[in-house]
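# Secondary and tertiary structure notes
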Amino acid sequence: MMIQISSKDTLYMYNLYHIVKAFFPNEEISQNLDEKQESLVSVKLEENSCFYVPVSEIADCPDRQDGKKKVTKIVYDWLSKVTGRILAWGMLTGVRPTKLAMQKLEAGMSRKEVCTFLEQEYGVSHQKAELGIAIAEREKELLGRLDYEQGFSLYVGIPFCPSICSYCSFSSSPLAEWKDRVDDYLKALCQEIRALGERAEERKLNTIYIGGGTPTTLEAEQLFELLDTIQKSFSFEYLQEFTIEAGRPDSITREKLEVMRRFPVTRISVNPQTMQQKTLDLVGRKHTVQDVKDIFHAARELGFDNINMDLIAGLPGETAEDMRDTLCQIEELSPDSLTVHALAIKRAAKFGQEQRKIDLHSEIEQMVEESARAAERMGLVPYYLYRQKNIAGNFENVGYAKVDKAGIYNILIMEEKQTILAAGAGASTKIVLPEKIRLDNGRETNLIRIENVKNITEYESRIDEMIERKGEWLWR
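Residues numbered from 1 in each chain as written. Predicted model: local features only at pLDDT ≥ 70, side-chain atom pairs only at ≥ 80, totals over all residues. Heavy atoms only, no water.

## Let's talk about the overall build of the protein
Spelled out, the test is: A run of H or I in DSSP becomes a helix once it reaches four residues, and a run of E becomes a strand once it reaches two; helices and strands are each numbered from the N terminus. Based on C-alpha atoms, the radius of gyration is set beside the globule rule, defined as 2.2 Å times the residue count to the power 0.38. The classification of residues rests on relative accessible area computed with a 1.4 Å probe and restricted to protein chains. Under 20% of the type maximum is buried, over 50% is exposed, and intermediate values are partly exposed. Contact criterion: two residues are considered in contact whenever any of their non-hydrogen atoms come within 4.5 Å of each other. By the counting scheme adopted, Arg and Lys are positive, Glu and Asp are negative, and His together with the chain ends is not counted. A single reference atom marks each charge: NZ on Lys, CZ on Arg, CG on Asp, CD on Glu.
Along the backbone of the protein there are 17 helices and 17 strands. Computed over the C-alpha atoms, the radius of gyration of the protein is 23 Å, within 12% of the 23 Å expected from 2.2 N^0.38 for a compact globule of 476 residues. Across the 476 residues in the protein, those meeting the buried criterion constitute 57%. Contacts spanning at least 24 positions in sequence make up 73% of the contacts within the protein whose residues lie at least 6 apart. The positive charge centre, built from 62 side chains, and the negative charge centre, built from 75, are 2 Å apart in the protein.

## Structural notes on the pattern of salt bridges
Put simply, the rule is: Any carboxyl oxygen of Asp or Glu within 4 Å of a side-chain nitrogen of Lys or Arg constitutes a salt bridge here.
Going through the model one piece at a time under the given rule, you end up with 35 salt bridges. Salt-bridge contacts for arginine 96 lead to glutamate 416; the nearest nitrogen and oxygen are separated by 3.0 Å. Residue arginine 96 is located in the loop between helix 2 (64-83) and helix 3 (97-106), and its partner glutamate 416 is located in the loop between helix 15 (408-415) and strand 15 (420-423); the two are separated by 320 residues in the primary sequence. The exposure class of glutamate 416 is buried, given its relative accessible area of 12%. Overlapping salt bridges bring together Arg96, Lys99, Glu416, Lys430 and Arg449 as one network.

## What about the side chain of glutamate 241?
So the rule is basically this: Definition of a polar contact: a pair of N or O atoms within 3.5 Å, with one able to donate and the other able to accept a hydrogen when the atoms are protein atoms, and with sequence-neighbouring residues admitted only if both atoms are side-chain atoms.
Assignment of secondary structure puts glutamate 241 in strand 9 (residues 241-247). One polar contact links the side chain of glutamate 241 to the main-chain amide nitrogen of tyrosine 409, over a distance of 3.0 Å. Beyond its immediate stretch of four places on either side in the chain, glutamate 241 contacts Asn206, Thr207, Ile208, Thr266, Arg267, Ala406, Gly407, Ile408 and Tyr409.

## Topic: the domain arrangement of the protein
Let me state the cut-off plainly: Domain start and stop points were drawn from an automatic or database domain assignment. What gets called buried area is simply the loss in accessible area from a 1.4 Å probe that two parts show on being joined, summed for both. Classification convention: Asp, Glu, Lys, Arg as charged; Ala, Val, Leu, Ile, Met, Phe, Trp, Tyr, Cys, Pro as nonpolar; all other residues, Gly among them, as polar.
Partitioning the protein into structural domains gives domain 1 (1-84), domain 2 (85-144) and domain 3 (145-343 + 355-413). Once you take the C-alpha centre of each, domain 2 and domain 3 turn out to be 26 Å apart. Each partner contributes residues to the interface: domain 2 has 19 residues there, and domain 3 has 17 residues. Of the roughly 1,800 Å² buried at the junction of domain 2 and domain 3 (both faces included), carbon and sulfur atoms supply 57%. Where domain 2 packs against domain 3, one counts two salt bridges. A salt bridge links glutamate 396 to lysine 128; the shortest N-O distance between them is 2.9 Å. For the pair domain 2 and domain 3, the interface holds eight residue pairs in polar contact (both at pLDDT 80 or more). Listing elements by their share of the side of domain 2 that touches domain 3, those giving two or more residues are helix 3 and helix 5 (126-143). Among the elements that take part in the side of domain 2 that touches domain 3, helix 5 stands out by supplying eight residues, more than any other. Residue composition of the side of domain 2 that touches domain 3, by class: 10 nonpolar, four polar and five charged.

## Here we look at the pairing of strand 14 (residues 397-401)
Put simply, the rule reads: Here, any two strands with at least 2 DSSP bridges between them count as paired.
Taken across its five residues, strand 14 has five buried, putting it largely inside the fold. Where burial is concerned, the two faces of strand 14 agree: the one with Asn397, Gly399 and Ala401 and the one with Val398 and Tyr400 are both buried. In this sheet, strand 14 lies alongside strand 12 (residues 337-342) in antiparallel orientation, the contact comprising four bridges. Residue pairing in the sheet places valine 340 in a bridge with valine 398 of strand 14.

## A few points about the nonpolar core
A general feature of soluble globular proteins is that nonpolar side chains tend to end up buried together. The criterion, for reference: The definition of a nonpolar core used throughout is a set of buried Ala, Val, Leu, Ile, Met, Phe, Trp, Tyr and Cys residues joined through side-chain atoms within 4.5 Å.
Core analysis: the biggest nonpolar cluster contains 143 residues, and Leu189, Ile210, Leu226, Ile230 and Phe234 have the highest contact counts within it. The dominant element in this core, judged by the number of residues it contributes, is helix 7 (residues 182-199), at nine residues. Discounting chain neighbours no more than four positions away, the residues touching leucine 189 are Val156, Gly157, Ile158, Leu226, Ala423, Gly424 and Tyr459.

## Description of the packing of aromatic side chains
Two aromatic rings are characterised by how far apart their centres lie and by the angle between their planes. For clarity, the threshold we go by: Side-chain rings of Phe, Tyr and Trp, where Trp is taken by its six-membered ring, are said to pair if the distance between their centres is within 6.5 Å; with planes under 30 degrees apart they count as stacked, over 60 as edge-to-face, and otherwise as tilted.
As enumerated under the stated definition, the model contains 13 aromatic pairs in all. Plain terms: the ring middles of tyrosine 209 and tyrosine 409 are 4.7 Å apart, the flat faces sit at 25° to each other, and that makes the pair stacked. Pair noted here: tyrosine 209 is in strand 8 (residues 204-212) and tyrosine 409 is in helix 15, with a separation of 200 residues, a long-range link. Both rings, one in phenylalanine 236 and one in phenylalanine 242, keep their centres 6.1 Å apart while their planes meet at 85°; by these two values the pair is edge-to-face.

## Some points on empty space enclosed by the protein
Selection criterion: Both site types are read off a 1 Å grid over the protein atoms alone. A 1.4 Å probe that fits but cannot get out defines a cavity, while an open set with protein on both sides within 12 Å along at least five of seven lines defines a pocket; lining residues have an atom within 4 Å of a point. Grid points are joined across faces, edges and corners, and a volume is the space filled by probe spheres set on the points.
If you walk through the whole model with that rule in mind, you get one cavity of 30 Å³ or more. Looking at the largest cavity, the residues that line it are Val340, Val368, Ser371, Glu396, Val398 and Tyr400. Only helix 14 (357-377) and strand 14 provide two or more residues apiece to the lining of the largest cavity.

## Here we look at the sheet that holds strand 1 (residues 2-7)
The condition that has to hold: In this description, a line fitted to the C-alpha atoms serves as the axis of each element, helices being fitted only across the stretch in contact, and the angle between N-to-C directions of two axes falls anywhere from 0 to 180 degrees.
Sheet architecture is open: four strands sit in the order 2-1-3-4, paired in mixed fashion. Because the sheet does not close on itself, it has two edges, and the strands there are strand 2 (28-33) and strand 4 (49-53). Across the sheet, the axes of successive neighbouring strands diverge by a mean angle of 15°, strand direction being ignored. Bridging between strand 1 and strand 2 involves six bridges; their strand directions are parallel. Bridge pairing in strand 2 links methionine 2 to glutamate 28. Most of the contacts of helix 1 (residues 13-23) go to strand 2, to which it runs at about 160°, and overall it touches strand 1, strand 2 and strand 3 (41-46).

Have a look at this one:
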């Protein structure tokens, strides 16, 4: 079945596409913009099943955004009636559903009022509304410790991996192709870090996050150079969290862990994604289940008391029983935080799972529920949540942590309340201005995004430009 969406205005296209895709994840969807059509939007499912939203429906809407919300809700209600289904997150299409709950809590609404608002205005299920509010409350408490106006966070990107996992959508390059160029990249990266440090010397650095890619693809000496540059470039007086996304066990050595211990690194990740060896081999992870356990124990022996682990629900060929076994092995390790991701449908298709997509949704639902129960048994509570486009089963990615081990940076990147300076190829700086400004395109915002180029060679050759791009906006 080919589903057809037609709209009189581009304003409605994004929301409508993702709402329809959530109801019909296996179907192709065509989109058409026709400014001359009589209806605002139309959705055609079959030859005799077409739904129209007349222009009169938004006659009483005070502005375009209210009109977009109303049109989305009308189409959502119709699709829900036609299919006999409701979506867990209702008509919400964004990646940050907890942001809405946070805004309402900050505006003075009670928990009950926020829950009612999410259910009635957006069709969010009671279970997800409660989850979103609980996470927003924890985020609010954690972020209350930060100085938004004078504080900031630092992200540093290492765009190399030992090999590229077949499910990965991040911008990273296989280390083997760049082995002789890592020092050149590190030189440019340290130049950008020093420049950011000079411009931020009167501000309060709250969190540092080194991600990628896989930061531990750096050799021990290179890792020391990077960490030493950061420490010399910034004051750590107000630092509350220092995370290194160690990630792939096949890139972590005891020597590298020892280097990290020479600096005030407070949080690391050792990410198996699964504890099923057959799956690790299939998706291109060049390590064993035992490697995961050995590195985890080595980190504990060296004194790391905040270790995160990542899992993916819905990897190729895995069943709910496989996830239960994985979770059992994770429980034996007892990490301080656990992040559970639901595989995106487009990745499932890449793995040749087109024929089991319906079953896949059911499997992932069980995996997500099992993960929540396992987290609870380990004393971990949900503290942040985000979604991705085309995520399987309209689910979400949830971070669980012990009460005092939540990843502050993870919350900041979702809530966008504090400036995050970013260094490295493909890194995205987010500057939060004290008040809204009007951009050249007429849009009002207080959030400015400045992207570094993704190409590693271009990043190195244009490093001065990458630094200058941020200068216009920093600390206005």
